[in-house]
Structure formats: structure tokens, C-alpha cells
Protein chains: 2
Amino acid sequence: MAAEDSRMAPGRAAPAAGPGLRADARHNRNRILEVAAELLAERGIDVPMAAIARNAGVGVATLYRRFPTRQDLLREVFADGFAACEAAIDDALADSGPDPWDAFRTAVEQVCAVQAGDRGFNAAFVAAYFQEFGVGGELDRVMRGLAELTRRAKDAGRLRADFAPEDFTLLVMANSGISARSPEAARAASRRLVAYLLDAFRADRTAPSEPLPPPAPLDLYDALRLR
Amino acid sequence: MAAEDSRMAPGRAAPAAGPGLRADARHNRNRILEVAAELLAERGIDVPMAAIARNAGVGVATLYRRFPTRQDLLREVFADGFAACEAAIDDALADSGPDPWDAFRTAVEQVCAVQAGDRGFNAAFVAAYFQEFGVGGELDRVMRGLAELTRRAKDAGRLRADFAPEDFTLLVMANSGISARSPEAARAASRRLVAYLLDAFRADRTAPSEPLPPPAPLDLYDALRLR
DNA sequence: GGATAAGTGGAGACCCCCGTCCGGTTGCAC
DNA sequence: GTGCAACCGGACGGGGGTCTCCACTTATCC
């Protein structure tokens, strides 16, 4: 169920690419992608195909005609997120500022922000990590980029020496655990978590650290009426 | 679906408590709990009732006779985990050593270790946080204990001043994101994550920090063949 | 404006899961 | 050993998910 994902030849099972469609069909396709992105971001990766179809104002059959399998739809919807991550990495790699730590920090912050803002993409991102999603390539580039940024930051003595490549995995997974009722709360919580971790990753612990982003109410602490 | 969970009177829907059962029934009940704990820990909270029954060598009906609803089974299976968390907190609260930071750190480490070692309990723990699980009481005590430990550590100037109560939520959720193919890998990864975060929570950043637990191979980094 | 291929949506086949029903089985007291 | 209440497990109803089939509609080309 995860092996033969590499048949990319547009021969037969091609998901009916963008143009070449009739005007109404193209409109429906766009609407589906739009609605799917929204629902997946808010409700997570388990939102049913029927719900997407209903919200897009089309029948299930139309949905499946454009995207033969659920996986195809997800891949297309989440492509933007993966692209955003790649862009963040590329920017950081191109950053030729005096301090490699800045590039490292910014890249980590941006990737984690993309991940935290979208429940569905979050799941896809982690699944891709575990090779359970047909996107390997993009993630590979992201990870290689992070590895290079790591090297630079370490060489400059700004990243602690015992930082391991596996720690990116740790970061991604920890960040994936953040979710809240509202995407805004999740994003805020993720920002604070990432700030804490970046603070722990720094080599020069004596230097004052930047102020933390404020804690987001996680919709639950109040409920626990603890304070 | 979450309101009337307080009917605890053993009048009618009582889940047929321990003794008083026929010998074979009691044996089956224990076997079910044993198998359920194991499967839930390894495969996560979504393991089907039928799988538990099959592995326990009983029919589904027997399972449902002992535990009228899935929730009842989960509650009983995870009771141990919640108890372990409470015990860790109580120990830490009773610790009258010279440095409140030790108690704080140990409590956090132990609770996170319990959480990380069991995929099912992990989910239950987070769900309990969100009040989506009928166990509120235990968690409440845990959180109140952590709040007290926080106060002591802050008063002693060992915990950074901008540490917020919400940061426990952050910690729990971040830790919940850690999962790997094997429970051992997950536990190791969690240890390292918690060490990083505790390092970030400390007030005195100039003091040398303890060495990090070694990174666990997360069964995926190799696959990404990055190094 | 009419022919036609492309497009459409609802019904339903198939599968998996939770929880129940009921006829057969078995531990246990006597 | 025997009787019976307790116990057992497979079959089944209900619900929800993915994906397919097919009779009907509509954009588009001339």
C-alpha cells in the first residue's frame, strides 16, 4: 500500500491535470482543492471525502473523477505546504549574513510554523517523515538543507556541539503534537515551543536569550481551572 | 457523549468488578486486560475491540460483557498509567531535598516517561487534558502538584521567571508527538526531548547543563539516508 | 441551434468497526 | 454425577468510510 507509488507516467491513471478541462470542470476542480485545503487544515487529515464534496457543492463522483484516490487529493492539497518549507530552506541557505545561527533559527521557525498552522499538513508532514506518504522527494531536500544549516551553525560555534541530526526529527515530532481548537492557538503554542527548543539548542548559554513568545491559551488550561 | 460519566453507582451498569466472578470468567477478564494493555501500548488507541478479543482468545461478547463499552475498558487499562503519574508527583512533592529543582525535574521526567512509553496511554493522557476522557480527577491532581512544584522551583530561583503554567500543556503535547516504531525508541526520543526542554526551563543558563541522553534512532532518519 | 463528447451527482457495493442477541457450554454446589 | 446459573463465542444489525456505476445534463464546436 506504499510501494508502487512511483508510477508517475501520465499514461492512464493520470489525475487529469489542470488545463484541458472544460470550463465548468476546471472551476469545480479548483473549488474542491480550495475547500479541501480549508477543511483539512481545520479538522485534520481524517475529514471524509463526502464532507469535502458536500462543502464544495459537488457530488462524490466528481471529486473522485478529478482525484482518483484520496491520496491523490491530499498530495495535491499539501504540495503548497511542502513547497513553502522548501522555500524557507532555500532562503536560509542563500542567507549570507554574518551569523549562521540566524539562518538556522529562521529556517526552523518557518518550517515549524508551516507545520503547526495546518492540522492536515502536520499529519502529512510527519507521515512523509515515516515514508508513509508519497512525497519523499521534497522532504529529502528540506532535510538536506537543514543538515547544511546545521553544519554552518556548528562551525560558527553557535549551535551546541551535541546537537544531532536526529534532533530535527525530535523537533518535527514534538511540534506535531501541538494542536488546539483553533489554528491560531496552535500556531502561538508552536511558536513558544520552538523558541524554548531553539534556546536549548544554542551553544552560548551565557548570552541572554530573546524573550519568549507569549503562551497561547490552549483552550484547556482554563477548563482545568488551575490558576 | 461526555456529560453523564459520573454515574458511578454500582447499581446496574457496574462493569462487574473484580472478584465474585467464576474462576474461568476472572481468568478471561485478566487476560483481556493484559492483552489490551499490550496492544494499546504498541499500536495506539485505535486498536479494534475485535483484535483485543482475538488476541485474548475470547469472543467479542465476552469482552463486552466485562467492559460494557470501549471507554470502560480503556479507563481500566489506563488507570495504572494515571496512578503512576500521581505517584511520581506525590514523591516529588514529598521530596524535601535542598533544591526544589530536582523535584521539579524528576517529576517532569517521570510523567513524560510514563506518557511516552505507551502510545495508547499517550492518547488517553492528552484526551484527558482536553476533557475528552472520563478521568478528569487524576489529571487534576497531577496538574495541581506540578503547579506547586513550579512555585517552589521558581521561588528558589531555579526555574526561569517567564515559565507559564501553560508550558506544562506545551510539554505534554510536545511529548505526545513523539512516537516511533518501537516503544523503546519512543522512550529514548522522549528522554532527549524532555532533557532539551528542561534545559530551556532552567533559570541559571550559565551553569553547565547535564549531558543529554543519546538520540534514539527514530527508524526513519536512516531511511532518509542523510548522514 | 443541434450534435456530441465531456461532465455530473446520487445510489449502492464493499469493508471495517462498535455493540447486541442467542443457542450451546461449563464451573460449581450439592 | 447431576442441575443450573453463569459463562461463552459466532452471527448479526447499524453506522460510517472509500470508491464505482450509470442514467442524465451541459459546455462547446460547427
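The structure contained in this document is the topic of the report that follows. Just so it is clear, the structure is predicted and the values come from calculations on it, not from any experiment. (Residues numbered from 1 in each chain as written. Chains lettered and ligands numbered in written order. Predicted model: local features only at pLDDT ≥ 70, side-chain atom pairs only at ≥ 80, totals over all residues. Heavy atoms only, no water.)

## Considering the protein's contact with DNA strand D
1) Next: Close contacts around DNA strand D come from 21 residues, with A:Y64, A:R70, B:N28, B:A61 and B:T62 the closest.
2) Next: Within 4 Å of the protein, the contacting atoms of DNA strand D are drawn from sugar and phosphate to the extent of 67%.
3) Next: A distance of 3.2 Å is found between a phosphate oxygen of DNA strand D and a backbone nitrogen or oxygen belonging to A:A23.
4) Next: Counting only elements with at least two residues in the surface near DNA strand D, the list comes to α1 (23-43) and α3 (60-66) of chain A together with α1 (23-43) and α3 (60-66) of chain B.
5) Next: Top element by residues in the surface near DNA strand D is α3(B). It accounts for four residues.
6) Next: Residue composition of the surface near DNA strand D, by class: nine nonpolar, five polar and seven charged. (Near = heavy atom within 4 Å. Polar contact = N/O pair within 3.5 Å; in protein donor to acceptor, adjacent residues only side chain to side chain. Helix = DSSP H or I, 4+ residues; strand = E, 2+ residues; numbered from the N terminus. Nonpolar A, V, L, I, M, F, W, Y, C, P; charged D, E, K, R; others polar.)

## Brief notes about the protein's contact with DNA strand C
1) Next: Around DNA strand C sit 21 residues, and of these A:R22, A:N28, A:A61, A:T62 and A:R65 come closest.
2) Next: Within 4 Å of the protein, the contacting atoms of DNA strand C are 65% sugar and phosphate, with bases supplying the remainder.
3) Next: A distance of 2.9 Å separates a base nitrogen of DNA strand C from a polar side-chain atom of A:R22.
4) Next: Within the side chain of A:T62, one N or O atom sits 2.5 Å away from a phosphate oxygen of DNA strand C.
5) Next: Sorting the residues of the surface near DNA strand C by element identifies α1 and α3 of chain A together with α1 and α3 of chain B as the ones contributing at least two each.
6) Next: Top contributing element to the surface near DNA strand C by residue count: α3(A), with four residues.

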